[in-house]
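# Overview (structure and organization)
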Amino acid sequence: MPLQGETRLLRARGVNSEGDGLCDCDDGLVVFVPMMLPGEEALVRLVKVKRSYGIGKVLESKAVSPERVTPFCPWFGKCGGCRLQHGSYSLQLEIKEGLLLDAMMRLGGFLRENIPLRPCVPSPRQRHYRNKASFPIQSFRGVVTPGFFQRDSHHLIPVDRCPLIDPSLEELMKVFRETLPTLSLRAYDERSQRGSLRHVLLRKGSHSGQGAVLLVLKERPSSALFDELRVFARKTRARFPLFSSWAINIHPDPGNVIIGSRTLPLSGAPYIEERLGKYVFRMDLTAFFQVNSSQAENLYESVKASLGQEEKGDILELYSGVGSLTAYLASTGRRVTAVESWEPSSRSLEHNMKSNAVKNVSVFRGRAEDYCSTGVLPPFRTVVLDPPRSGSTPEVIAAISRLSPLEILYISCNPATLARDLRSFVDTGYRLISLTPFDLFPQTAHVETLAILKRTR
Ligand SMILES: C[S@@+](CC[C@H](N)C(=O)[O-])C[C@H]1O[C@@H](n2cnc3c(N)ncnc32)[C@H](O)[C@@H]1O
(Lines give C-alpha, C1' and ligand atoms only; values in the text may rest on other atoms or scores of the structure.)
Protein backbone atom coordinates (compact mmCIF):
# COMPACT_ATOMS: atom_id res chain seq x y z
CA MET A 1 0.00 0.00 0.00
CA PRO A 2 1.52 3.36 -0.98
CA LEU A 3 1.87 5.99 1.72
CA GLN A 4 0.37 9.42 1.82
CA GLY A 5 2.95 11.96 0.60
CA GLU A 6 4.72 9.47 -1.70
CA THR A 7 5.41 10.40 -5.31
CA ARG A 8 4.60 7.98 -8.15
CA LEU A 9 4.82 8.04 -11.91
CA LEU A 10 1.20 7.39 -12.99
CA ARG A 11 -0.67 7.03 -16.26
CA ALA A 12 -4.39 7.88 -16.55
CA ARG A 13 -6.45 5.06 -18.07
CA GLY A 14 -9.67 7.06 -18.02
CA VAL A 15 -11.62 9.70 -16.13
CA ASN A 16 -14.02 9.25 -13.20
CA SER A 17 -17.50 10.77 -12.81
CA GLU A 18 -15.93 13.89 -11.24
CA GLY A 19 -13.75 14.43 -14.33
CA ASP A 20 -10.54 13.40 -12.54
CA GLY A 21 -7.89 11.19 -14.16
CA LEU A 22 -8.21 7.55 -13.13
CA CYS A 23 -4.79 5.96 -12.45
CA ASP A 24 -3.67 2.62 -11.07
CA CYS A 25 -0.71 2.34 -8.68
CA ASP A 26 1.26 -0.88 -9.19
CA ASP A 27 0.09 -1.85 -5.66
CA GLY A 28 -3.48 -2.02 -7.02
CA LEU A 29 -4.69 1.24 -5.49
CA VAL A 30 -6.87 3.41 -7.73
CA VAL A 31 -5.80 7.06 -7.59
CA PHE A 32 -7.95 9.98 -8.75
CA VAL A 33 -5.87 12.83 -10.11
CA PRO A 34 -7.60 16.14 -10.97
CA MET A 35 -6.70 17.60 -14.35
CA MET A 36 -5.22 14.41 -15.85
CA LEU A 37 -6.66 13.25 -19.15
CA PRO A 38 -6.76 9.68 -20.46
CA GLY A 39 -3.34 8.56 -21.75
CA GLU A 40 -1.43 11.26 -19.87
CA GLU A 41 1.54 10.46 -17.63
CA ALA A 42 2.72 12.51 -14.70
CA LEU A 43 4.70 12.48 -11.51
CA VAL A 44 1.95 12.53 -8.93
CA ARG A 45 2.06 13.16 -5.18
CA LEU A 46 -0.43 11.05 -3.22
CA VAL A 47 -2.12 13.74 -1.14
CA LYS A 48 -4.65 11.34 0.39
CA VAL A 49 -4.53 7.55 0.75
CA LYS A 50 -7.65 5.70 1.91
CA ARG A 51 -8.24 1.97 2.05
CA SER A 52 -9.97 1.76 -1.35
CA TYR A 53 -8.66 4.80 -3.24
CA GLY A 54 -6.17 7.64 -3.24
CA ILE A 55 -6.16 11.24 -4.39
CA GLY A 56 -3.17 12.62 -6.24
CA LYS A 57 -1.81 15.95 -7.37
CA VAL A 58 0.24 16.40 -10.54
CA LEU A 59 3.78 17.56 -9.70
CA GLU A 60 5.23 17.26 -13.17
CA SER A 61 3.66 16.30 -16.44
CA LYS A 62 5.56 13.61 -18.40
CA ALA A 63 3.29 12.84 -21.35
CA VAL A 64 0.53 15.18 -22.52
CA SER A 65 -2.59 14.06 -24.39
CA PRO A 66 -2.90 15.39 -27.96
CA GLU A 67 -6.51 16.14 -26.97
CA ARG A 68 -5.47 18.61 -24.24
CA VAL A 69 -6.61 22.18 -24.97
CA THR A 70 -6.24 25.51 -23.12
CA PRO A 71 -9.26 26.10 -20.88
CA PHE A 72 -11.15 29.25 -21.86
CA CYS A 73 -12.37 30.20 -18.38
CA PRO A 74 -9.91 31.85 -15.96
CA TRP A 75 -11.59 30.10 -13.02
CA PHE A 76 -11.37 26.60 -14.48
CA GLY A 77 -9.83 24.26 -11.92
CA LYS A 78 -11.01 26.40 -9.00
CA CYS A 79 -14.74 26.75 -9.70
CA GLY A 80 -16.63 23.50 -9.10
CA GLY A 81 -18.77 23.75 -12.26
CA CYS A 82 -16.64 22.67 -15.24
CA ARG A 83 -14.47 19.55 -15.07
CA LEU A 84 -13.47 18.84 -18.68
CA GLN A 85 -12.59 22.21 -20.20
CA HIS A 86 -8.97 21.06 -20.61
CA GLY A 87 -10.04 18.33 -23.08
CA SER A 88 -11.09 18.78 -26.73
CA TYR A 89 -14.81 18.51 -27.34
CA SER A 90 -14.46 15.16 -29.16
CA LEU A 91 -12.56 13.81 -26.14
CA GLN A 92 -15.32 15.08 -23.83
CA LEU A 93 -17.89 13.08 -25.81
CA GLU A 94 -15.69 9.98 -25.67
CA ILE A 95 -15.24 10.44 -21.92
CA LYS A 96 -19.00 10.62 -21.42
CA GLU A 97 -19.54 7.39 -23.35
CA GLY A 98 -16.86 5.81 -21.12
CA LEU A 99 -18.52 7.06 -17.93
CA LEU A 100 -21.82 5.57 -18.98
CA LEU A 101 -20.24 2.22 -19.90
CA ASP A 102 -18.34 2.14 -16.63
CA ALA A 103 -21.49 2.78 -14.55
CA MET A 104 -23.43 0.14 -16.48
CA MET A 105 -20.76 -2.52 -15.91
CA ARG A 106 -19.58 -1.62 -12.42
CA LEU A 107 -22.86 -0.52 -10.82
CA GLY A 108 -25.45 -2.22 -13.02
CA GLY A 109 -23.61 -5.52 -13.43
CA PHE A 110 -24.03 -5.50 -17.25
CA LEU A 111 -21.58 -7.28 -19.53
CA ARG A 112 -20.02 -5.09 -22.24
CA GLU A 113 -21.58 -7.21 -25.00
CA ASN A 114 -25.06 -6.57 -23.54
CA ILE A 115 -24.73 -2.77 -23.59
CA PRO A 116 -25.98 -1.37 -26.94
CA LEU A 117 -24.12 1.94 -26.54
CA ARG A 118 -24.56 4.57 -29.26
CA PRO A 119 -22.24 7.56 -29.81
CA CYS A 120 -22.77 10.58 -27.56
CA VAL A 121 -24.92 13.20 -29.34
CA PRO A 122 -22.95 16.48 -29.34
CA SER A 123 -24.49 19.71 -28.09
CA PRO A 124 -25.22 22.32 -30.81
CA ARG A 125 -23.36 24.83 -28.60
CA GLN A 126 -20.43 24.15 -26.33
CA ARG A 127 -20.35 27.59 -24.67
CA HIS A 128 -23.09 29.97 -23.56
CA TYR A 129 -25.59 27.13 -23.79
CA ARG A 130 -27.03 27.45 -20.28
CA ASN A 131 -30.39 29.20 -19.97
CA LYS A 132 -30.05 29.28 -16.19
CA ALA A 133 -27.45 30.49 -13.67
CA SER A 134 -27.69 29.86 -9.97
CA PHE A 135 -25.18 31.56 -7.77
CA PRO A 136 -24.79 31.33 -4.03
CA ILE A 137 -24.39 34.50 -1.98
CA GLN A 138 -21.94 34.91 0.86
CA SER A 139 -20.33 37.67 2.82
CA PHE A 140 -16.88 37.85 1.22
CA ARG A 141 -14.48 40.13 3.12
CA GLY A 142 -17.55 41.71 4.70
CA VAL A 143 -19.29 42.42 1.36
CA VAL A 144 -22.46 40.66 0.11
CA THR A 145 -21.07 38.80 -2.90
CA PRO A 146 -22.41 36.42 -5.56
CA GLY A 147 -20.11 33.75 -6.97
CA PHE A 148 -19.69 30.04 -7.46
CA PHE A 149 -18.60 27.39 -5.00
CA GLN A 150 -15.10 26.03 -5.15
CA ARG A 151 -14.96 22.36 -6.00
CA ASP A 152 -16.22 20.02 -3.20
CA SER A 153 -16.71 22.90 -0.78
CA HIS A 154 -18.88 25.85 0.11
CA HIS A 155 -16.01 28.34 -0.27
CA LEU A 156 -17.20 31.12 -2.51
CA ILE A 157 -15.23 32.25 -5.56
CA PRO A 158 -16.47 35.73 -6.38
CA VAL A 159 -16.72 35.42 -10.17
CA ASP A 160 -18.49 37.91 -12.39
CA ARG A 161 -18.65 35.86 -15.56
CA CYS A 162 -19.27 32.30 -16.65
CA PRO A 163 -18.66 31.30 -20.28
CA LEU A 164 -21.29 28.55 -20.07
CA ILE A 165 -24.25 30.82 -19.45
CA ASP A 166 -26.24 32.99 -21.85
CA PRO A 167 -24.34 36.30 -22.34
CA SER A 168 -27.25 38.36 -20.98
CA LEU A 169 -27.14 36.32 -17.76
CA GLU A 170 -23.45 37.26 -17.48
CA GLU A 171 -24.36 40.94 -17.90
CA LEU A 172 -26.97 40.68 -15.19
CA MET A 173 -24.53 38.85 -12.93
CA LYS A 174 -22.25 41.89 -13.06
CA VAL A 175 -25.15 44.14 -12.02
CA PHE A 176 -25.83 41.93 -9.00
CA ARG A 177 -22.16 41.97 -8.07
CA GLU A 178 -22.21 45.80 -8.09
CA THR A 179 -25.63 46.35 -6.55
CA LEU A 180 -26.09 43.68 -3.86
CA PRO A 181 -23.66 45.39 -1.42
CA THR A 182 -25.72 48.61 -1.66
CA LEU A 183 -28.98 46.93 -0.53
CA SER A 184 -29.92 46.38 3.08
CA LEU A 185 -30.01 42.60 2.56
CA ARG A 186 -27.45 40.58 4.51
CA ALA A 187 -25.85 37.46 3.08
CA TYR A 188 -27.01 34.20 4.67
CA ASP A 189 -24.35 32.43 6.70
CA GLU A 190 -24.71 28.64 6.62
CA ARG A 191 -22.92 28.06 9.92
CA SER A 192 -24.74 30.57 12.12
CA GLN A 193 -27.89 30.46 9.94
CA ARG A 194 -27.99 34.24 10.24
CA GLY A 195 -28.52 36.71 7.42
CA SER A 196 -31.06 36.37 4.66
CA LEU A 197 -30.00 36.25 0.98
CA ARG A 198 -28.98 32.68 0.08
CA HIS A 199 -29.03 32.39 -3.70
CA VAL A 200 -29.82 34.35 -6.84
CA LEU A 201 -31.24 32.38 -9.76
CA LEU A 202 -31.30 33.87 -13.24
CA ARG A 203 -33.14 32.39 -16.20
CA LYS A 204 -33.37 33.38 -19.80
CA GLY A 205 -35.40 31.53 -22.39
CA SER A 206 -32.71 30.94 -25.06
CA HIS A 207 -35.36 30.88 -27.77
CA SER A 208 -38.02 33.20 -26.31
CA GLY A 209 -35.65 35.88 -24.97
CA GLN A 210 -37.72 36.22 -21.77
CA GLY A 211 -35.74 36.54 -18.56
CA ALA A 212 -36.42 36.04 -14.86
CA VAL A 213 -34.81 36.66 -11.48
CA LEU A 214 -35.47 34.66 -8.32
CA LEU A 215 -34.05 35.86 -5.01
CA VAL A 216 -33.88 33.05 -2.44
CA LEU A 217 -34.23 34.44 1.08
CA LYS A 218 -34.20 32.72 4.44
CA GLU A 219 -37.36 34.45 5.59
CA ARG A 220 -40.17 36.61 4.30
CA PRO A 221 -38.79 40.15 4.00
CA SER A 222 -40.19 43.03 6.07
CA SER A 223 -42.45 45.38 4.12
CA ALA A 224 -39.65 48.00 4.04
CA LEU A 225 -37.24 45.46 2.52
CA PHE A 226 -39.92 44.28 0.12
CA ASP A 227 -40.30 47.89 -1.10
CA GLU A 228 -36.54 48.28 -1.45
CA LEU A 229 -36.31 45.08 -3.50
CA ARG A 230 -39.19 46.25 -5.69
CA VAL A 231 -37.32 49.46 -6.46
CA PHE A 232 -34.16 47.42 -7.24
CA ALA A 233 -36.20 45.18 -9.55
CA ARG A 234 -37.81 48.17 -11.28
CA LYS A 235 -34.46 49.91 -11.87
CA THR A 236 -32.83 46.72 -13.16
CA ARG A 237 -35.80 46.00 -15.42
CA ALA A 238 -35.37 49.46 -16.94
CA ARG A 239 -31.81 48.45 -17.98
CA PHE A 240 -32.74 44.86 -18.88
CA PRO A 241 -36.32 45.02 -20.14
CA LEU A 242 -36.36 41.34 -21.15
CA PHE A 243 -35.86 40.35 -17.49
CA SER A 244 -39.41 41.21 -16.56
CA SER A 245 -40.25 38.40 -14.08
CA TRP A 246 -38.98 38.83 -10.53
CA ALA A 247 -39.93 36.77 -7.50
CA ILE A 248 -38.77 35.99 -3.97
CA ASN A 249 -38.50 32.41 -2.79
CA ILE A 250 -38.60 31.73 0.95
CA HIS A 251 -36.28 28.96 2.09
CA PRO A 252 -35.87 28.77 5.89
CA ASP A 253 -34.33 25.27 6.17
CA PRO A 254 -30.60 24.62 6.49
CA GLY A 255 -28.96 22.28 3.96
CA ASN A 256 -27.91 22.13 0.32
CA VAL A 257 -31.33 22.31 -1.32
CA ILE A 258 -31.44 25.64 -3.17
CA ILE A 259 -35.16 26.40 -3.33
CA GLY A 260 -37.89 26.50 -0.68
CA SER A 261 -41.57 25.79 -1.12
CA ARG A 262 -43.02 29.36 -0.97
CA THR A 263 -42.62 31.91 -3.75
CA LEU A 264 -43.88 35.51 -3.68
CA PRO A 265 -44.10 37.64 -6.83
CA LEU A 266 -41.94 40.77 -6.66
CA SER A 267 -42.30 42.40 -10.06
CA GLY A 268 -43.94 41.24 -13.28
CA ALA A 269 -45.37 37.76 -13.84
CA PRO A 270 -43.92 35.00 -11.61
CA TYR A 271 -43.11 32.81 -14.64
CA ILE A 272 -41.39 32.96 -18.02
CA GLU A 273 -41.91 31.18 -21.30
CA GLU A 274 -39.48 29.23 -23.46
CA ARG A 275 -40.01 27.93 -26.96
CA LEU A 276 -38.94 24.40 -27.90
CA GLY A 277 -39.78 23.31 -31.44
CA LYS A 278 -43.31 24.50 -32.22
CA TYR A 279 -44.34 24.66 -28.55
CA VAL A 280 -44.22 27.47 -25.99
CA PHE A 281 -43.83 26.36 -22.36
CA ARG A 282 -44.60 28.48 -19.33
CA MET A 283 -42.51 27.70 -16.27
CA ASP A 284 -42.69 28.89 -12.71
CA LEU A 285 -39.34 30.34 -11.59
CA THR A 286 -38.83 27.36 -9.26
CA ALA A 287 -39.66 24.69 -11.87
CA PHE A 288 -37.25 22.21 -13.42
CA PHE A 289 -36.51 22.98 -17.05
CA GLN A 290 -33.66 21.59 -19.16
CA VAL A 291 -30.80 24.14 -19.07
CA ASN A 292 -29.66 23.54 -22.68
CA SER A 293 -32.73 24.39 -24.76
CA SER A 294 -31.36 23.42 -28.21
CA GLN A 295 -30.04 20.07 -27.04
CA ALA A 296 -33.31 19.43 -25.14
CA GLU A 297 -35.08 19.75 -28.49
CA ASN A 298 -32.74 17.12 -29.96
CA LEU A 299 -33.35 14.81 -27.02
CA TYR A 300 -37.14 15.16 -27.20
CA GLU A 301 -37.16 14.70 -31.00
CA SER A 302 -35.13 11.54 -30.54
CA VAL A 303 -37.57 10.20 -27.91
CA LYS A 304 -40.45 10.94 -30.27
CA ALA A 305 -38.71 9.29 -33.24
CA SER A 306 -38.02 6.15 -31.23
CA LEU A 307 -41.74 5.86 -30.39
CA GLY A 308 -42.69 5.75 -34.07
CA GLN A 309 -45.74 7.49 -35.57
CA GLU A 310 -47.73 4.43 -36.52
CA GLU A 311 -47.65 2.69 -33.12
CA LYS A 312 -50.81 2.68 -31.02
CA GLY A 313 -51.38 2.33 -27.28
CA ASP A 314 -51.32 4.77 -24.37
CA ILE A 315 -48.22 6.29 -22.82
CA LEU A 316 -47.58 6.77 -19.09
CA GLU A 317 -45.07 9.55 -18.53
CA LEU A 318 -43.64 9.85 -15.01
CA TYR A 319 -41.71 12.92 -13.74
CA SER A 320 -43.12 15.24 -16.44
CA GLY A 321 -41.99 18.68 -15.23
CA VAL A 322 -43.81 21.50 -17.02
CA GLY A 323 -44.72 19.18 -19.90
CA SER A 324 -41.97 19.89 -22.42
CA LEU A 325 -41.36 16.23 -23.27
CA THR A 326 -45.08 15.52 -22.77
CA ALA A 327 -46.02 17.67 -25.77
CA TYR A 328 -43.55 15.78 -27.99
CA LEU A 329 -44.92 12.43 -26.75
CA ALA A 330 -48.49 13.56 -27.40
CA SER A 331 -47.61 14.69 -30.94
CA THR A 332 -47.41 10.98 -31.91
CA GLY A 333 -51.21 10.99 -31.56
CA ARG A 334 -51.19 8.58 -28.61
CA ARG A 335 -52.92 9.35 -25.31
CA VAL A 336 -50.50 10.40 -22.56
CA THR A 337 -50.95 10.36 -18.78
CA ALA A 338 -48.40 12.80 -17.31
CA VAL A 339 -47.41 12.67 -13.62
CA GLU A 340 -45.60 15.51 -11.80
CA SER A 341 -45.29 16.18 -8.07
CA TRP A 342 -43.90 19.75 -7.82
CA GLU A 343 -47.09 21.75 -7.54
CA PRO A 344 -45.96 24.87 -9.50
CA SER A 345 -44.72 22.58 -12.32
CA SER A 346 -47.86 20.45 -12.50
CA ARG A 347 -49.90 23.67 -12.67
CA SER A 348 -47.72 24.87 -15.57
CA LEU A 349 -48.02 21.42 -17.17
CA GLU A 350 -51.81 21.71 -17.28
CA HIS A 351 -51.57 25.26 -18.57
CA ASN A 352 -49.00 24.31 -21.24
CA MET A 353 -51.09 21.48 -22.64
CA LYS A 354 -54.07 23.86 -23.02
CA SER A 355 -52.06 26.79 -24.41
CA ASN A 356 -50.39 24.52 -26.99
CA ALA A 357 -53.74 22.92 -27.90
CA VAL A 358 -52.45 19.47 -26.89
CA LYS A 359 -55.69 17.61 -26.15
CA ASN A 360 -54.59 13.99 -25.68
CA VAL A 361 -52.87 14.46 -22.29
CA SER A 362 -54.32 13.94 -18.83
CA VAL A 363 -52.34 15.21 -15.86
CA PHE A 364 -51.93 13.61 -12.44
CA ARG A 365 -50.74 16.25 -9.97
CA GLY A 366 -48.82 14.22 -7.40
CA ARG A 367 -45.96 11.81 -6.81
CA ALA A 368 -45.23 8.95 -9.18
CA GLU A 369 -45.43 6.68 -6.11
CA ASP A 370 -48.97 7.93 -5.39
CA TYR A 371 -50.09 7.54 -8.99
CA CYS A 372 -48.72 3.99 -9.04
CA SER A 373 -50.67 3.08 -5.89
CA THR A 374 -54.05 4.41 -7.07
CA GLY A 375 -55.56 0.92 -7.39
CA VAL A 376 -55.69 -0.93 -10.69
CA LEU A 377 -53.96 1.14 -13.37
CA PRO A 378 -55.17 1.14 -16.97
CA PRO A 379 -52.93 -0.66 -19.49
CA PHE A 380 -50.07 1.34 -21.06
CA ARG A 381 -48.10 0.21 -24.09
CA THR A 382 -45.22 2.54 -23.23
CA VAL A 383 -43.84 4.00 -20.00
CA VAL A 384 -41.53 7.04 -20.23
CA LEU A 385 -39.70 8.16 -17.11
CA ASP A 386 -37.31 11.06 -16.50
CA PRO A 387 -36.62 11.08 -12.76
CA PRO A 388 -34.33 13.41 -10.77
CA ARG A 389 -30.62 12.53 -10.19
CA SER A 390 -31.55 10.12 -7.39
CA GLY A 391 -33.31 7.94 -9.98
CA SER A 392 -36.66 6.23 -9.56
CA THR A 393 -37.78 4.36 -6.44
CA PRO A 394 -38.24 0.61 -5.89
CA GLU A 395 -42.02 1.19 -5.50
CA VAL A 396 -42.29 2.91 -8.88
CA ILE A 397 -40.05 0.37 -10.62
CA ALA A 398 -42.09 -2.50 -9.17
CA ALA A 399 -45.34 -0.82 -10.27
CA ILE A 400 -44.02 -0.34 -13.84
CA SER A 401 -42.94 -3.98 -13.97
CA ARG A 402 -46.45 -5.03 -12.85
CA LEU A 403 -47.96 -2.81 -15.54
CA SER A 404 -45.77 -4.75 -17.97
CA PRO A 405 -45.63 -2.19 -20.83
CA LEU A 406 -44.18 -3.36 -24.15
CA GLU A 407 -41.48 -0.69 -23.98
CA ILE A 408 -39.85 1.56 -21.39
CA LEU A 409 -38.01 4.76 -22.25
CA TYR A 410 -35.82 5.98 -19.42
CA ILE A 411 -34.18 9.42 -19.53
CA SER A 412 -31.55 10.01 -16.90
CA CYS A 413 -29.06 12.67 -15.82
CA ASN A 414 -27.11 10.27 -13.59
CA PRO A 415 -25.43 7.14 -15.01
CA ALA A 416 -25.08 5.59 -11.53
CA THR A 417 -28.81 5.56 -10.69
CA LEU A 418 -29.68 4.77 -14.31
CA ALA A 419 -27.48 1.64 -14.21
CA ARG A 420 -29.09 0.56 -10.93
CA ASP A 421 -32.66 1.05 -12.23
CA LEU A 422 -31.96 -0.57 -15.63
CA ARG A 423 -30.62 -3.62 -13.79
CA SER A 424 -34.00 -3.87 -11.96
CA PHE A 425 -35.95 -3.62 -15.23
CA VAL A 426 -33.75 -6.20 -16.96
CA ASP A 427 -34.19 -8.57 -14.00
CA THR A 428 -37.98 -8.34 -14.38
CA GLY A 429 -38.06 -9.30 -18.06
CA TYR A 430 -36.86 -6.35 -20.17
CA ARG A 431 -34.04 -6.20 -22.71
CA LEU A 432 -31.94 -3.11 -23.29
CA ILE A 433 -32.34 -2.10 -26.95
CA SER A 434 -30.28 1.08 -27.03
CA LEU A 435 -28.40 3.45 -24.75
CA THR A 436 -27.68 6.92 -26.15
CA PRO A 437 -25.79 9.59 -24.22
CA PHE A 438 -26.72 13.20 -25.05
CA ASP A 439 -24.33 15.98 -24.14
CA LEU A 440 -26.58 18.51 -22.43
CA PHE A 441 -23.76 19.89 -20.28
CA PRO A 442 -20.56 20.52 -22.33
CA GLN A 443 -17.36 21.19 -20.31
CA THR A 444 -18.80 19.34 -17.28
CA ALA A 445 -18.69 15.62 -16.48
CA HIS A 446 -22.52 15.36 -16.45
CA VAL A 447 -24.08 12.80 -18.79
CA GLU A 448 -27.72 12.68 -19.92
CA THR A 449 -28.88 9.35 -21.36
CA LEU A 450 -31.84 7.92 -23.23
CA ALA A 451 -32.27 4.18 -22.59
CA ILE A 452 -34.83 2.09 -24.48
CA LEU A 453 -36.02 -1.28 -23.15
CA LYS A 454 -38.41 -3.81 -24.67
CA ARG A 455 -40.33 -6.55 -22.89
CA THR A 456 -38.95 -10.01 -23.56
CA ARG A 457 -41.86 -12.09 -22.31
C1 LIG B 1 -35.42 15.57 -14.43
S2 LIG B 1 -36.92 16.43 -14.25
C3 LIG B 1 -37.70 15.99 -15.77
C4 LIG B 1 -38.77 16.92 -16.22
C5 LIG B 1 -39.20 16.82 -17.68
N6 LIG B 1 -39.26 15.48 -18.17
C7 LIG B 1 -38.33 17.69 -18.57
O8 LIG B 1 -37.65 17.17 -19.45
O9 LIG B 1 -38.33 18.92 -18.36
C10 LIG B 1 -37.69 15.50 -13.00
C11 LIG B 1 -39.05 16.01 -12.60
O12 LIG B 1 -39.60 15.08 -11.66
C13 LIG B 1 -40.31 15.76 -10.64
N14 LIG B 1 -40.36 14.83 -9.50
C15 LIG B 1 -39.44 14.61 -8.54
N16 LIG B 1 -39.82 13.60 -7.73
C17 LIG B 1 -41.02 13.17 -8.20
C18 LIG B 1 -41.93 12.15 -7.79
N19 LIG B 1 -41.67 11.36 -6.74
N20 LIG B 1 -43.06 11.98 -8.50
C21 LIG B 1 -43.34 12.77 -9.58
N22 LIG B 1 -42.53 13.76 -9.99
C23 LIG B 1 -41.38 13.96 -9.32
C24 LIG B 1 -39.52 17.03 -10.45
O25 LIG B 1 -40.31 18.04 -9.88
C26 LIG B 1 -39.08 17.35 -11.89
O27 LIG B 1 -40.02 18.18 -12.50
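Model, not experiment: these values are computed from the prediction.

### A word on the overall build of the protein
Assigned secondary structure in the protein consists of nine helices and 22 strands. For a compact globule of 457 residues, the expected C-alpha radius of gyration is about 23 Å, and the protein comes in at 23 Å, within 12% of that figure. Expressed along its principal axes, the backbone C-alpha trace of the protein runs to roughly 65 × 60 × 35 Å. Among the 457 residues that make up the protein, the fraction classed as buried is 43%. In the protein, 61% of the contacts between residues at least 6 apart in sequence involve partners at least 24 apart.

### Overview of the UniProt feature "domain: TRAM" (unreviewed entry) in the protein
UniProt records the feature "domain: TRAM" (unreviewed entry) at residues 1-60, using the numbering of this structure. In this annotation, residues 1-60 is assigned 0% helix and 57% strand; the end-to-end C-alpha distance for the span is 22 Å.

### Remarks on the UniProt feature "active site" (unreviewed entry) in the protein
According to UniProt, the feature "active site" (unreviewed entry) maps to C413 in the numbering used here. Take C413: it is sitting in the loop between strand 20 (407-412) and helix 9 (415-427). Classification of C413 by C-beta neighbours within 10 Å gives partly exposed; the count is 19. When sequence neighbours within four positions are dropped, the list of residues in contact with C413 reads R389, H446 and E448.

### Notes on the site of the ligand
Around the ligand, a shell composed of 19 residues is seen, among which Y319, G321, S341, W342 and D386 lie nearest. For the shell around the ligand, the elements supplying multiple residues, two or more each, are helix 5 (324-330), strand 17 (336-340) and helix 7 (368-372). Of the residues assigned to the shell around the ligand, the class counts are nine nonpolar, six polar and four charged.

### With respect to unusual backbone geometry
Peptide bonds are trans in most cases, and residues, glycine excluded, mostly fall at negative phi. In the Ramachandran plot, Y319 falls in the positive-phi region, its phi being about 65° despite a non-glycine side chain. As for its position among the elements, Y319 is in the loop between strand 16 (315-318) and helix 5. On the basis of neighbour counts, which here come to 22 C-beta atoms within 10 Å, the residue Y319 falls in the buried class. Here the phi dihedral of S404 falls at roughly 55°; this positive angle occurs in a residue that is not glycine. Here S404 lies in the loop between helix 8 (394-403) and strand 20. C-beta crowding within 10 Å serves as the criterion here: with 14 such atoms nearby, S404 is assigned to the partly exposed category.

### Digging into the environment of V200
Structurally, V200 can be placed in strand 10 (residues 197-204). Owing to 19 C-beta atoms within 10 Å, V200 belongs among the partly exposed residues under this scheme. Expressed as a C-alpha distance, the spacing of V200 and V143, which sit 57 residues apart in the sequence, is 16 Å.

### A closer look at the environment of L214
Structurally, L214 is set in strand 11 (residues 211-217). For the pair L214 and S245, spaced 31 residues apart in sequence, the C-alpha to C-alpha distance is 8.4 Å. Excluding residues within four positions of it along the chain, L214 makes contact with L201, A247, N249, L285 and T286.

### Brief notes about the nonpolar core
The biggest cluster of nonpolar side chains holds 116 residues, and the ones touching the most others in it are C23, L197, L215, V303, I408, Y410 and A451. L197 has contacts with I137, V144, L185, R186, A187, Y188, L215 and L217, leaving out every residue within four places of it along the chain.

### Some words on the sheet that holds strand 11
Spatial strand order, 7-6-10-11-12-13: six strands in an open sheet with mixed pairing. Across the chains shown, the open sheet's two edge strands, defined by having one partner strand only, are strand 7 (143-146) and strand 13 (262-267). Taken pair by pair, the neighbouring strands of this sheet meet at an average axis angle of 25°, ignoring direction. Against the sheet, helix 2 (residues 167-179) contacts strand 6 (132-140), strand 7, strand 10, strand 11 and strand 12 (243-250), and its axis sits at roughly 150° relative to strand 10.

### A look at helix 9
Spanning 13 residues, helix 9 covers 18 Å between terminal C-alpha atoms, matching the ideal 18 Å at 1.5 Å per step. All of the buried residues along helix 9 are P415, L418, A419, D421, L422 and F425. On its buried side, helix 9 packs onto helix 1 (89-106), helix 8, strand 20, strand 21 (430-438) and strand 22 (448-455). Immediately downstream of helix 9, the backbone of G429 shows phi near 105°, a positive value.

### A look at the pairing of strand 6
Where strand 6 and strand 10 come together, five bridges link them in antiparallel fashion. Opposite P136, over in strand 10, you have H199 as the bridge partner. Relative to strand 7, strand 6 runs antiparallel, the two being bridged by four bridges. For Q138, the partnering residue across the bridge sits in strand 7 and is T145.

### Looking at helix 4 (residues 293-307)
Between its first and last C-alpha, helix 4 extends 21 Å over 15 residues, near the 21 Å set by a 1.5 Å rise per residue. Every buried residue of helix 4 is listed here: S293, Q295, A296, L299, Y300, V303 and L307. Angular distribution of buried residues about the axis of helix 4 spans 160°; they occupy a single face of the element. Among the structural elements, strand 14 (271-276), helix 5, strand 19 (382-385), strand 20, strand 21 and strand 22 are those in contact with the buried residues of helix 4. At the C-terminal side of helix 4, G308 shows a positive phi close to 80°.

### Focus on the pairing of strand 2 (residues 21-24)
Note that strand 1 (residues 7-15) and strand 2 share three bridges and pair antiparallel. Across the sheet, A12 pairs through a bridge with C23, a residue of strand 2. Counting the residues that bridge the hairpin from strand 1 to strand 2 gives five residues, and of these G19 lies at a positive phi of roughly 85°. In this structure, strand 2 lies alongside strand 3 (residues 30-33), joined through four bridges in antiparallel fashion.

What counts, and at which threshold
Residues numbered from 1 in each chain as written. Predicted model: local features only at pLDDT ≥ 70, side-chain atom pairs only at ≥ 80, totals over all residues. Helix = DSSP H or I, 4+ residues; strand = E, 2+ residues; numbered from the N terminus. Rg over C-alpha atoms; globule rule 2.2 N^0.38 Å. Buried ≥ 20, exposed ≤ 12 C-beta atoms within 10 Å, placed from the backbone. Contact = placed C-beta atoms within 7 Å. UniProt positions renumbered as here; feature names shortened; annotations may be inferred. Near = placed C-beta within 6 Å. Nonpolar A, V, L, I, M, F, W, Y, C, P; charged D, E, K, R; others polar. Core = buried A, V, L, I, M, F, W, Y, C linked by C-beta atoms within 7 Å. Pairing = 2+ DSSP bridges. Axes fitted to C-alpha atoms, helices over the stretch in contact; angles between N-to-C directions. Expected span 1.5 Å × (residues − 1). Arc of directions from axis to C-beta.

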